[in-house]
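One-letter residues, chain by chain:
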Amino acid sequence: MDNFKGFGMMIGKLKKSPKTIVFTEGTDPRILEAASRLLASNFLTPILVGSEEEVMAAAEEYGFNIRGGRIIDPENFDRIDEMIEMFCELRKSKGVTPEQAREFLKQGNYFGTMLVKMGIADALLGGATYSTADTVRPALQLIKTRPGHTIVSSCFILVRPSATGENEVLAMGDCAINLKPSEDELVEIAATTAECGTHFGIEPKVAFLSYSTLGSGKGEDVDKVRNAAAKAKAAYPELPIEGELQFDAAVSPRVARTKCPGNPVAGQANVFVFPDINAGNIGYKIAQRLGNFEAYGPILMGLNAPINDLSRGCNAEEVYSMAIITAALVEEKEA
Ligand SMILES: CC(C)(COP(=O)(O)OP(=O)(O)OC[C@H]1O[C@@H](n2cnc3c(N)ncnc32)[C@H](O)[C@@H]1OP(=O)(O)O)[C@@H](O)C(=O)NCCC(=O)NCCS
Ligand SMILES: CC(=O)OP(=O)(O)O
């Protein structure tokens with residue numbers, strides 16, 4: 001990850017303006033390892049959610065030094081009344097009572113999200129043990145979408161060394177949040193995935209993926225992807241966009257020469273828009289597990305605060321990198 005384009009700059013930004021990040025799963029060994037590395041570096045301070053006794057015992061058991069880090073126990077938090085009141089206000093359209101809020105806030109995912117909402121933490125990373133749905137739902141309910149966005153979606157950044165010595169870096173969306181995006185949602189996903197890619201040095205060439213290449217296959221799903229690509233081209237004329245494309249036509253210059261010769265995106269795409277979450281989630285995991293790519297994400301796009309998810313299959317290195325990415329994007333979004 002050290003030679004990841006943009007990663008050094010992210011660390012540089014955090015060094016100039018250190019942040020705090022809350023980890024909702026304070027006793028997980030991968031979180032503890034990442035937290036101990038962050039504590040040694042001084043630019044991103046971890047806040048671990050959990051009982052002090054349990055977090056310290058886990059740190060000792062796994063052999064990680066988390067001295068200097070903050071532990072906040074939802075069961076013993078001095079500002080819990082204020083948090084409950086804010087929670088009820090945020091969920092008043094759903095009629096949430098203080099008793100119900102108190103129950104929600106016993107859970108690290110809701111509690112951690114409120115720490116960000118209250119400004120006690122700058123950013124949040126969860127999902128080492130929570131499912132994506134359980135990590136993201138509190139954010140969708142309490143933080144909501146950023147102005148100018150209609151949905152929260154997600155982007156994965158995939159990185160692997162290439163023969164030229166430069167890393168190959170790809171962006172994929174939406175592999176984690178929206179189950180069956182509409183045409184307009186696919187347009188928004190394309191724009192946010194391309195934007196996310198630019199933070200990692202990608203000059204976006206966007207492929208809307210399908211089982212058909214420019215009319216070679218027929219079906220409602222093909223029509224949806226083709227229409228979405230046409231809408232995206234109209235909405236973002238400055239972005240190179242093509243669709244519908246099969247994955248091979250999108251990435252392989254040789255296949256592109258056969259399937260759609262002369263096309264400016266085919267064969268060179270580096271931003272991939274999947275038609276639905278089935279294709280996206282399966283697709284990124286194939287790249288990660290069989291294609292030797294490191295996968296960073298899901299990075300939530302369109303959310304009104306820097307909160308990100310992890311795959312439960314993550315390792316400590318990915319937690320560390322995702323923490324830095326999450327906190328660094330605070331500054332970029334606010335700038
Ligand atoms: C994201 C997800 C959890 C939301 O669904 P849900 O928990 O059933 O929640 P609901 O549909 O009731 O929505 C809860 C709130 O989130 C909002 N919401 C749901 N999806 C949203 C989206 N994509 N963008 C913005 N807001 C969204 C709803 O408007 C609702 O707000 P409200 O409570 O203030 O009215 C669901 O779409 C999901 O499970 N996605 C797939 C996650 C997954 O399994 N990924 C694979 C592994 S990465
Ligand atoms: C992003 C993702 O697929 O998460 P998980 O592996 O935890 O389901």
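Not measured: the values here are computed from a predicted model.

Calculation rules
Residues numbered from 1 in each chain as written. Chains lettered and ligands numbered in written order. Predicted model: local features only at pLDDT ≥ 70, side-chain atom pairs only at ≥ 80, totals over all residues. Heavy atoms only, no water. Helix = DSSP H or I, 4+ residues; strand = E, 2+ residues; numbered from the N terminus. Buried < 20%, exposed > 50% of the residue type's maximum accessible area, 1.4 Å probe, protein only. Near = heavy atom within 4 Å. Polar contact = N/O pair within 3.5 Å; in protein donor to acceptor, adjacent residues only side chain to side chain. Areas by Shrake-Rupley, 256 points an atom, 1.4 Å probe, with all protein chains shown as cover. pLDDT = per-residue confidence, 0-100. Contact = heavy atoms within 4.5 Å. UniProt positions renumbered as here; feature names shortened; annotations may be inferred. Nonpolar A, V, L, I, M, F, W, Y, C, P; charged D, E, K, R; others polar. Core = buried A, V, L, I, M, F, W, Y, C linked by side-chain atoms within 4.5 Å. Pairing = 2+ DSSP bridges. Axes fitted to C-alpha atoms, helices over the stretch in contact; angles between N-to-C directions.

### A few points about the environment of A235
Move 1: Position of A235 relative to the elements: it lies in helix α9 (residues 220-235).
Move 2: Residue A235 is classed as partly exposed on the basis of its relative accessible area, which comes to 43%.

### Details of the site of ligand 2
Move 1: In the vicinity of ligand 2, the contacting residues are T132, F156, N281, Y284, K285, P298, S311 and R312.
Move 2: In the environment of ligand 2, an oxygen atom lies 2.7 Å from a nitrogen or oxygen atom belonging to the side chain of S311.
Move 3: Alone, ligand 2 offers 260 Å² of accessible surface; in the complex the protein occludes 87% of this.
Move 4: Of all the elements, helix α12 (residues 277-290) adds the most residues to the shell around ligand 2, at three residues.

### Some details on the confidence of the model for the protein chain
Move 1: Scored by pLDDT, the protein chain has a mean of 94; 97% of the residues are at 70 or more.
Move 2: pLDDT under 50 marks residues 331-335. Its contacts with residues more than four places away, or in other chains, come to eight contacts.
Move 3: Taken over the whole predicted complex, pTM reads 0.94, whereas the ipTM for its chain interfaces reads 0.97.

### Comments concerning the UniProt feature "domain: Phosphate acetyl/butaryl transferase" (unreviewed entry) in the protein chain
Move 1: UniProt tags residues 13-327 as "domain: Phosphate acetyl/butaryl transferase" (unreviewed entry).
Move 2: In residues 13-327, helix accounts for 43% and strand for 18%; the two terminal C-alpha atoms are 10 Å from one another.

### Quick notes on the site of ligand 1
Move 1: Lining the immediate environment of ligand 1, one finds 17 residues, of which R91, R137, K144, V152 and N178 sit closest.
Move 2: One of the side-chain nitrogen or oxygen atoms of K94 is found 2.9 Å away from an oxygen atom of ligand 1.
Move 3: Contact between ligand 1 and A176: a nitrogen atom at 2.9 Å from a main-chain N or O atom of the residue.
Move 4: For ligand 1, the accessible surface in isolation is 930 Å², of which the surrounding protein chains cover 62%.
Move 5: The set of elements that each furnish at least two residues to the shell around ligand 1 consists of α7 (132-142) and α12.
Move 6: In terms of residue count, the dominant contributor to the shell around ligand 1 is α7 (five residues).
Move 7: Class assignment of the residues belonging to the shell around ligand 1 gives a composition of eight nonpolar, five polar and four charged.

### Side note on the nonpolar core
Move 1: I157, F208 and I324 are the most contacted members of the largest nonpolar core, which totals 62 residues.
Move 2: In terms of residues, this core owes the most to one element, helix α13 (residues 316-334), which gives 10 residues.
Move 3: If we skip the residues at most four places from it in the chain, I324 touches F7, M10, I11, L14, L38, F43 and L44.
Move 4: Among the nonpolar cores identified, the runner-up in size contains 33 residues, and Y110, M114, I120 and L124 belong to it.

### Describing the side chain of S153
Move 1: Along the chain, S153 falls in strand β5 (residues 153-161).
Move 2: Separated by 3.3 Å, the side chains of S153 and T192 make a polar contact.

### So, α7
Along an α-helix, a turn takes 3.6 residues, which lines up residues three or four apart on a common side.
Move 1: Regarding α7, the residues found buried are T135, V136, P138, A139, Q141 and L142.
Move 2: Looking at the residues trailing α7, positive phi occurs at K144, about 75 degrees.

### Some remarks on the sheet that holds strand β3 (residues 70-72)
Move 1: Taken together, five strands build an open sheet; the order of strands is β3-β2-β1-β4-β11 and the sheet is parallel. The open sheet has two edge strands with one neighbour each: β3 and β11 (307-309). Strand-to-strand twist in this sheet, taken as the mean axis angle between neighbours without regard to direction, amounts to 25 degrees.
Move 2: Bridging between strand β2 (residues 44-49) and β3 involves three bridges; their strand directions are parallel. Within the sheet, the bridge partner assigned to V49 lies in β3 and is I72.

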